[in-house]
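Structure at a glance
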Amino acid sequence: MGRGVLLTSNLPQLQNLIKRDPPAYKEEFLQQWNHYNSIRQIFQINPDENAQHFRELVSFIAQVAQCYPKETADFPSQISSLLLESYGTLSPDTRRSLVQNLVMLRNKDVITSITLLQTLFPLLPKTTSSTLRGFIRRTILSDIRTANLRSKNHKLNRAVQAMLFGMVERGMDAEVVGDKGKLKAAAGPGNNGEEAMWAVVLTKELWRKGIWNDAKTVSIIALGCFHPVVKVQSASLHFFLGSDEEKEDSDDEEEDLPDVKALQHRREINKKTRSGDKKLQKLAKAVKNKKKKKAESTTANFPAIQLLNDPQTFGEKLYDILNKYDKRFSLDHKILIMQLLSRVMGGHKLCVLGFYTYIMKYLTYHQLRIPAILVALAQSVHDFTPPDALTPVVRKLAQEFVHPGVGSEVIAAGINAIREVCRRQPWSMEEDLLGDLIEYRKSRDKAVTAAARGLLQLFREVNPGMLKRRERGKEASMGMAKGSQPLPFGHSAQAAVDIEGLVLLEDHLKKLREEDGVASGDEEEDDATAWEGWDVESDSDESSDGWISVDSDSDHDLEISDSEDEDDKRKKRKGKAKATEEDDEDGNQEPDKDGSTQEAAQEAAQRISSLATTKILTPADFALLNDLRIKAASEAVERGAGSGTKRKLASLESQRKTLLASGDGTLAETFISEEDILGPRKKTKADYAERIASIEKGREGREKFGSLKGKKNKATPSSTTNREKARNKPIMMILASGAVKGKKKASLRQKQQKLRAHIERAKKAHH
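Residues numbered from 1 in each chain as written. Predicted model: local features only at pLDDT ≥ 70, side-chain atom pairs only at ≥ 80, totals over all residues. Heavy atoms only, no water.

1. Description of the environment of Asn148
Along the polypeptide, Asn148 turns up in the loop between helix H8 (130-147) and helix H9 (154-169). In sequence terms Asn148 and Ile211 are 63 residues apart; their C-alpha atoms lie 6.9 Å from each other. Those residues in contact with Asn148, other than ones at most four positions away along the chain, are Asn153, Asn157, Ile211 and Trp212. (Helix = DSSP H or I, 4+ residues; strand = E, 2+ residues; numbered from the N terminus. Contact = heavy atoms within 4.5 Å.)

Shown next, in the form of structure tokens:
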């Protein structure tokens with residue numbers, strides 16, 4: 001076969017030869033390159049002509065483009081421009097082929113990730129094929145994940161985030177249509193926000209997989225909360241609320257981990273060798289590292305709400321949208337905005353006072369989805385909210401929900417909502433109203449009684465002076481007798497001298513250093529490792545070369561004093577610390593261990609730690625501090641401490657639960673739910689339709705009622721014969737039957753007749 005025939009008819013073979021020896025076949029490649037250019041010009045005029053041959057040429061050049069980089073320098077830009085400019089006129093096969101070849105060029109490092117993504121992002125809203133759309137989505141996610149696999153690729157991340165930000169921002173000038181009313185019907189299929197929707201979906205996916213977890217990612221979705229298209233708004237709001245029910249994609253491209261237990265079982269059965277043991281240990285270690293790495297990659301550093309840039313402006317914009325377009329949004333969408341606004345207000349302690357005026361019109365017991373609205377109201381309150389703005393809201397709740405004309409569930413929900421508001425801002429309650437609400441603890445309904453008792457217990461703790469003398473309880477009365485009074489609104493407690501429980505952390509770290517024998521110079525390395533997994537990515541372009549590390553003149557603790565008085569106090573404090581250390585040493589020599597441990601615990605509580613002034617505490621240190629405080633409180637409870645220590649232990653465990661929940665990025669446990677508002681409810685009696693539905697559900701996947709005895713192995717279904725029934729008859733029934741009793745009462749003559757008849761039958765049977 002001649003080389004001319006090879007050039008025109010067998011491109012795969014020519015491709016194989018070029019990859020083996022590119023310089024020898026450069027002339028043949030240039031002929032195909034010129035042929036491709038002529039076909040491309042014809043294809044741009046008439047895409048249906050020679051489409052199959054054009055796809056083959058594009059695939060051939062994409063395969064060998066890395067062998068001739070100078071000659072094919074314009075090839076990627078030609079493919080990109082063809083996709084972006086003539087996408088609507090191309091056939092589905094041609095679109096798929098061009099996209100696949102462009103991805104192949106990226107895999108061969110012919111083009112950069114930014115060039116590929118600049119082409120793929122605009123194609124997502126244009127593509128109607130679900131297969132091609134899924135391929136483009138997987139390609140984008142895998143490319144960004146691969147670039148950030150070992151370390152953060154800040155250059156690529158900034159470029160992609162700028163593209164996504166632009167996709168969301170392009171449709172912001174349109175009019176807000178809403179999801180109900182005449183305006184939505186008249187709008188038609190115009191600007192449906194497909195581009196912005198894809199930007200939000202991809203950003204959420206990258207956040208969920210742990211690839212992006214910085215403030216810029218949150219800013220993209222925060223901008224989507226103000227998009228004119230409702231579905232873009234809804235997707236962005238769900239991201240912050242953590243209520244997405246998106247199922248995990250099956251295209252995670254992660255290898256299936258081997259079953260270590262099955263391998264260990266196989267190892268016990270097979271022949272024992274040292275090499276086999278080493279292989280099994282190595283495999284188990286690799287599986288453990290993969291699971292740990294996967295868990296770290298999917299856990300965000302901080303919740304998205306905490307990473308909002310300028311949360312006050314964000315909250316005010318949310319309220320403006322809610323108030324301005326109130327009649328254009330459906331109730332479900334308005335509740336989504338209320339929930340996000342309340343969480344931002346509660347998390348960042350913001351004051352958007354117009355929100356309380358707006359929400360008052362929804363505070364009626366017959367309002368649809370009123371539990372969700374009450375939850376949003378309670379979550380928006382914090383200790384910096386002015387009581388003057390909340391007092392009308394509390395009064396409205398009491399007037400609408402707590403009166404004899406409504407059901408017990410409504411009264412319980414109203415009192416629970418008032419309790420949650422007053423828990424965050426106790427000064428919003430009026431004294432006469434509080435007395436009326438507490439009287440409901442004598443109700444016959446369990447939910448109402450529990451709600452009223454919860455409100456009473458709350459004010460016994462926060463402000464017992466508002467209660468009558470007989471309602472204050474023993475501990476509150478004793479506290480008031482000692483002169484303890486709650487601080488009025490706007491007043492703060494004394495300045496903090498020390499972090500509670502920091503002495504425990506200092507002693508724990510000192511003990512660890514003594515056990516491990518860590519030198520003083522290695523403490524900085526420990527601090528650096530402690531920040532791993534807790535850092536928020538810095539997006540600044542400044543390098544760290546400009547920083548100069550200044551060594552301290554001495555290895556002693558850093559002390560900064562503003563006056564001589566503080567120096568004297570610090571000296572006295574050191575003297576006390578030394579005295580306590582000597583006392584501890586003396587106490588350890590005494591035989592009474594219980595007394596020495598209690599004294600040491602009291603002295604540790606009174607001692608002031610210098611750890612906060614000599615070391616930058618990491619989030620891991622604070623988590624360890626909380627665990628140490630829980631351990632110390634539980635030991636005190638075991639020794640027989642009072643109810644105050646038990647309450648402290650319960651609050652510390654709830655704080656630990658909150659920290660674990662906030663580390664997941666969902667904030668699901670840090671806020672209240674509708675169950676907290678509704679309280680314990682009696683199960684209502686099911687009506688006829690619910691009972692029938694429950695019966696039908698129980699019959700699913702089950703055979704029809706009736707006995708199957710004797711029917712399973714028969715050609716024609718039938719019941720058992722009388723002989724089979726007699727054989728399986730219970731023995732006690734047989735003993736009581738007439739036949740058995742007749743045999744016992746038979747005479748000698750009757751027995752002889754039966755025996756002769758039996759012999760005759762036996763003879764006939766043998767013959």
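2. A look at unusual backbone geometry
At Lys349, a position not held by glycine, the phi torsion is positive, near 55°. The phi dihedral of Arg369 falls on the positive side, at around 55°, and the residue is not glycine. Positionally, Arg369 belongs in the loop between helix H18 (354-359) and helix H19 (370-379). Residue Arg369 is classed as partly exposed on the basis of its relative accessible area, which comes to 37%. (Buried < 20%, exposed > 50% of the residue type's maximum accessible area, 1.4 Å probe, protein only.)

3. Details of the nonpolar core
Counting 81 residues, the largest nonpolar core has Phe240, Phe314, Leu340 and Met429 as the members making the most contacts within it. The residues touching Met429, leaving out its near neighbours within four places in the chain, are Val394, Ile418, Cys422, Leu434, Leu437, Phe459 and Met466. Leu11, Ile61, Leu82 and Ala235 belong to the second largest nonpolar core, which has 63 residues in total. (Core = buried A, V, L, I, M, F, W, Y, C linked by side-chain atoms within 4.5 Å.)

4. A look at the pattern of salt bridges
Any two side chains of opposite charge can pair, given that their charged atoms come close. For the coordinates displayed, the defined rule picks out 20 salt bridges. Between Lys334 and Asp326 there is a salt bridge, with its nearest N and O atoms 3.3 Å apart. By relative accessible area, which is 13% here, Asp326 ends up buried. Glu420 is paired through a salt bridge with Arg423; the nearest N and O atoms lie 3.7 Å apart. With a gap of 3 residues between them, Glu420 and Arg423 both fall in helix H21 (residues 408-424), about one helical turn apart. Taking the relative accessible area as the measure of exposure, Glu420 reaches 6% and is therefore buried. Within the structure, one salt-bridge network assembled from shared partners comprises Arg419, Glu420, Arg423 and Arg424. (Salt bridge = Lys/Arg side-chain N within 4 Å of Asp/Glu carboxyl O.)

5. A word on the side chain of Ser80
By the secondary structure assignment, Ser80 is in helix H5 (residues 75-85). Residue contacts for Ser80: discarding those within four places in its chain leaves Leu102 and Thr119.

6. Points about the packing of helix H13 (residues 230-241) against helix H17 (residues 331-348)
Between H13 and H17, the least distance of the axes is 10 Å, while the angle of their chain directions is 40°. Between H13 and H17, the crossing angle belongs to the class labelled oblique. Both H13 and H17 take part in a crossing whose hand is left-handed. Contact residues: H13 offers Val230, Gln233, Ser234, Leu237, His238, Phe240 and Leu241, while H17 offers His333, Leu336, Ile337, Gln339, Leu340 and Arg343. (Axes fitted to C-alpha atoms, helices over the stretch in contact; angles between N-to-C directions. Parallel < 35°, antiparallel > 145°, perpendicular 65-115°, else oblique. Left-handed = near helix turned anticlockwise from the far one by under 90°.)

7. Some points on the packing of aromatic side chains
Applying the stated rule across the entire model yields 15 aromatic pairs. Note on Trp33 and Tyr36: the rings are 5.2 Å apart at their centroids and 35° apart in plane angle, and the pair reads as tilted. One end of the pair, Trp33, and the other, Tyr36, are both in helix H3 (residues 26-45), 3 residues apart, so they sit about a helical turn from each other. Relative to Phe75, the ring of Trp33 has its centre 6.4 Å away and its plane inclined at 65°; by these criteria the two rings are edge-to-face. One end of the pair, Trp33, is in helix H3; the other, Phe75, is in helix H5, and 42 residues separate them in sequence. Judged by its relative accessible area of 1%, Phe75 is buried. Clustering of aromatic rings is evident, with ring pairs tying together Phe29, Trp33, Tyr36, Phe43, Phe54, Phe60, Tyr68 and Phe75. When the ring centre of Phe226 is taken as reference, the NZ or CZ atom of Lys317 above it lies at 5.6 Å. Taking the ring centre of Phe384 as reference, the NZ or CZ of Lys349 above it sits at 5.9 Å. (Phe/Tyr/Trp six-rings, centres within 6.5 Å; stacked < 30°, edge-to-face > 60°. Lys NZ or Arg CZ within 6 Å of the ring centre and 35° of its normal.)

8. What to know about the environment of Ser443
Tracing the backbone shows Ser443 in the loop between helix H22 (431-438) and helix H23 (446-462). Using a relative accessible area of 29% as the deciding quantity, one classes Ser443 as partly exposed. Sequence separation of Ser443 and Ser408 is 35 residues, and the distance between their C-alpha atoms is 9.3 Å. Filtering out sequence-adjacent residues up to four positions away, Ser443 remains in contact with Val448 and Thr449. A polar side-chain atom of Ser443 sits 3.2 Å from the main-chain amide nitrogen of Asp445. (Polar contact = N/O pair within 3.5 Å; in protein donor to acceptor, adjacent residues only side chain to side chain.)

9. Structural notes on H23
For H23, with 17 residues, the first-to-last C-alpha span of 24 Å sits near the 24 Å given by 1.5 Å per residue. Those residues of H23 that are buried lie in contact with H21 and H22. Sitting at the amino-terminal end of H23 is Asp445, which places a side-chain oxygen 3.1 Å from the backbone nitrogen of Ala447. (Expected span 1.5 Å × (residues − 1).)

10. Focus on the environment of Ile373
Along the polypeptide, Ile373 turns up in helix H19. Owing to a relative accessible area of 0%, Ile373 belongs among the buried residues under this scheme. Considering only alpha carbons, one finds Ile373 and Lys334, 39 residues apart in sequence, at a separation of 9.7 Å.

11. Brief notes about a nonpolar patch on the surface
A cluster of nonpolar side chains, contributed by Tyr688, Ile692 and Ile695, occupies part of the molecular surface with about 310 Å² of accessible area. With respect to the helices and strands, the residue Ile692 is situated in helix H33 (residues 688-698). Residue classification places Ile692 among the partly exposed residues on the basis of a relative accessible area of 33%. (Patch = residues over 30% accessible without salt bridge, like charges linked within 9 Å, V, L, I, M, F, W, Y side chains within 5 Å. Areas by Shrake-Rupley, 256 points an atom, 1.4 Å probe, with all protein chains shown as cover.)

12. Brief notes about helix H2 (residues 11-20)
Where H2 is concerned, the buried positions are Leu11, Leu14, Gln15, Leu17 and Ile18. Seen end-on, H2 carries its buried residues on one side only, within an arc spanning 165°. Residues Pro12 and Arg20 are exposed on H2 and point more than 90 degrees away from its buried face. (Arc of directions from axis to C-beta.)

13. Points about the confidence of the model for the protein
When pLDDT is averaged along the protein, the result is 80; 75% of the residues meet or exceed 70. A low-confidence stretch, residues 569-594 stays under pLDDT 50, and its non-local contacts, those more than four residues away or across chains, total 11 contacts. Per-residue pLDDT stays below 50 along residues 660-669; that stretch engages in 15 contacts with residues further than four places along the chain or on separate chains. (pLDDT = per-residue confidence, 0-100.)

14. Quick notes on the packing of H8 against helix H11 (residues 194-208)
In contact at an axis separation of 11 Å, H8 and H11 are set at 45° when each is read in the N-to-C sense. When the interaxial angle is binned, H8 and H11 end up oblique. The handedness of the crossing between H8 and H11 is right-handed. Contacts between H8 and H11 involve Arg133, Arg137, Ile140, Leu141 and Ile144 from the first element and Trp198, Val201, Leu202, Glu205 and Leu206 from the second. By residue class, the composition of the contact of H8 with H11 is 7 nonpolar, no polar and 3 charged. (Nonpolar A, V, L, I, M, F, W, Y, C, P; charged D, E, K, R; others polar.)

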